[in-house]
Amino acid sequence: MSDCCRSVDDMKAFLQSSKNLDPQERMTFYDSWAPTYEQDSEAINYSAPNMVVDFLNSNLPGSREDVKVLDVACGSGLVGKLMSELGFRNFVGVDGSKGMLELAAQSGLYQDLRLALLGTEPLPAQTGAFDLVVIVGALRDGFVPVSVIRELWQAAKPGGYVCMSRVDLKSESGEKYKLCMKRELQQMEEEGLWTRVSTGQMNKYMMNVYHNYKEDENEPYLDGTMYLYRKSIN
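Owing to the predicted nature of the structure, the values given are computational and were not obtained by experimental measurement.

Novice: Report on the packing of aromatic side chains, specifying residues and quantitative values.
Specialist: All told, the structure shown has 10 aromatic pairs when counted by the stated rule. Consider the rings of Tyr46 and Tyr205, whose centres lie 6.2 Å apart with planes at 65°: the pair is edge-to-face. With a gap of 159 residues between them, Tyr46 in the loop between α3 (37-43) and α4 (48-59) and Tyr205 in strand β6 (residues 194-207) connect regions that are remote in the sequence. Like Tyr205, Tyr46 is buried.

Now the structure itself:
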């Protein structure tokens, strides 16, 4: 079977092979996945970009066309494409996979695309340069560490916004990541760095291809949480 026609079972085997990779190995994996990434994402009902963009559009005030957006872990540009349909025009993308950035470049939406391994290398963004910083799908155990959230905040302008989604895995490591992120978000509020604008749930946003389910188990779908924060002006 060719890569462009992967079944759900094929996707399970393919993605489970990446479970124990280190960060650099995972980016090499994404490089190899890039040619069929968007088709495969449709096959496993990956709808996090749609859910987050709808959430953002419902909660972000003001016009869209002048907003300078930093799309972190931009991948092939799925989030940028959806945002452009709502009038957003100014995008800078960051990702750790060169193959994914090449796909994002083909969209023609990004004024600049920057290669960086998040959590290992500094976020390549000028302090206080962006009206909106977005990260979808990457805040999860084994991918982007919680420590990167402060870098997202730093990249936003005073009064700017940071929109994030977290994958809520039902595992010991997933629960640990969730609690760590909750503590960091609360700590940043207490420090006066930002205020929370809204929180939303992503229900069944993707088939859970990372786990082999038995017939009597619940539907194999992943859930997640969305956040929108506004950076303090002072």
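Novice: Could you give an account of the nonpolar core, with specific residues and numbers?
Specialist: Residues Met83, Leu132 and Val134 are the most contacted members of the largest nonpolar core, which totals 46 residues. The biggest single contributor to this core is α4, with five residues. Apart from residues lying up to four places away in sequence, Leu132 is in contact with Leu56, Leu60, Val67, Lys68, Val69, Leu70, Met83, Phe88, Tyr161 and Cys163. Core analysis: the second largest hydrophobic core is formed by 31 residues, Val94, Leu139, Ala156 and Met188 among them.

Novice: Please provide a residue-by-residue account of unusual backbone geometry, values included.
Specialist: Within the chain, Asn45 stands out as a residue other than glycine whose phi angle is a positive 55°. Along the chain, the position of Asn45 falls in the loop between α3 and α4. Its relative accessible area of 36% is what places Asn45 among the partly exposed residues. Phi angles above zero are rare outside glycine, and Lys204 is one such case at about 50°. By the secondary structure assignment, Lys204 is in strand β6.

About the criteria used
Residues numbered from 1 in each chain as written. Predicted model: local features only at pLDDT ≥ 70, side-chain atom pairs only at ≥ 80, totals over all residues. Heavy atoms only, no water. Phe/Tyr/Trp six-rings, centres within 6.5 Å; stacked < 30°, edge-to-face > 60°. Helix = DSSP H or I, 4+ residues; strand = E, 2+ residues; numbered from the N terminus. Buried < 20%, exposed > 50% of the residue type's maximum accessible area, 1.4 Å probe, protein only. Core = buried A, V, L, I, M, F, W, Y, C linked by side-chain atoms within 4.5 Å. Contact = heavy atoms within 4.5 Å.

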